[in-house]
Amino acid sequence: MELILISERKLKVMLTKADMDALELTCDNIDYDNTETRRAFWSILDEAKHKTGFDAAADRVYIQVYPGRNGGCELYVTKLAGERDGGITVRQSTHSEAGAAYRFEHIELLLLACKRLRDASYSGGSEAFFDDRSYYLTLTDPPGQYDYVGEYGKRLSGELHSYLAEHGKIICGEEAVATLAEFI
């Protein structure tokens with residue numbers, strides 16, 4: 001297990017297949033309503049506290065899970081500001097390599113793209129983020145089906161989810177297209 005303290009509120013955890021086996025986890029069975037998953041996450045967070053000083057016990061945390069190569073996975077743990085109940089919210093990424101990601105200069109362009117996708121009956125997974133410079137939309141449906149989104153923003157290549165998990169702030173973690181389309 002590799003632990004990288006990104007900031008006082010963010011931690012990246014990289015688990016190998018051996019780590020996953022030892023914790024009795026797979027990316028398919030991670031479910032915080034399951035006792036084994038809870039035990040594994042608190043074990044990881046306890047080790048993180050001792051090795052990096054990242055203490056998540058008092059804060060509510062948001063954990064994003066991204067399947068890795070060779071049976072491992074990456075976890076991005078974020079302490080949520082102002083929420084101090086010690087709970088955990090887990091979000092398993094629905095990103096697939098067949099998906100697409102777009103960057104938008106203005107939020108209005110992101111909203112317009114979401115409205116157009118909704119009007120075209122887009123039903124795949126989607127998430128929206130922002131950072132200091134731009135707004136982002138990730139789609140799980142294969143690229144090419146919705147090329148017109150490029151009229152609103154720039155299509156990106158590569159593994160965007162790792163960048164966004166480290167540097168981005170989530171706007172809408174599930175069904176971003178349907179949710180954000182309502183704002184325009």
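What counts and what doesn't
Residues numbered from 1 in each chain as written. Predicted model: local features only at pLDDT ≥ 70, side-chain atom pairs only at ≥ 80, totals over all residues. Heavy atoms only, no water. Pairing = 2+ DSSP bridges. Helix = DSSP H or I, 4+ residues; strand = E, 2+ residues; numbered from the N terminus. Axes fitted to C-alpha atoms, helices over the stretch in contact; angles between N-to-C directions. Contact = heavy atoms within 4.5 Å. Buried < 20%, exposed > 50% of the residue type's maximum accessible area, 1.4 Å probe, protein only. pLDDT = per-residue confidence, 0-100.

1. Quick notes on the sheet that holds strand β10 (residues 169-172)
Sheet strands line up and pair through hydrogen bonds in the backbone, either parallel or antiparallel. With respect to topology, five strands assemble into an open sheet ordered β9-β6-β8-β7-β10, the strand pairing being antiparallel. If you trace the sheet from one side to the other, it starts and ends with β9 (154-156) and β10, each paired once. Within this sheet the neighbouring strands show an average axis-to-axis angle of 30 degrees, counted without direction. Of the strands in this sheet, β6 (100-104), β7 (126-130), β8 (135-139) and β10 touch helix α3 (residues 107-119), which is tilted by about 20 degrees from β8.

2. Regarding the side chain of Thr37
Positionally, Thr37 belongs in helix α2 (residues 35-52). Note on Thr37: relative accessible area 1%, which makes it buried. Residue contacts for Thr37: discarding those within four places in its chain leaves Leu25, Asn29, Ile30, Asp31 and Tyr32.

3. Examining the confidence of the model for the protein chain
Looking at the protein chain as a whole, its pLDDT mean stands at 82, while 83% of the residues score no less than 70. At the level of individual helices and strands, the protein chain shows its lowest average pLDDT in strand β5 (residues 88-92), which scores 64, and its highest in α3, which scores 95. In the model, residues 94-98 has pLDDT below 50 throughout and makes 13 contacts with residues more than four positions away in sequence or in other chains.

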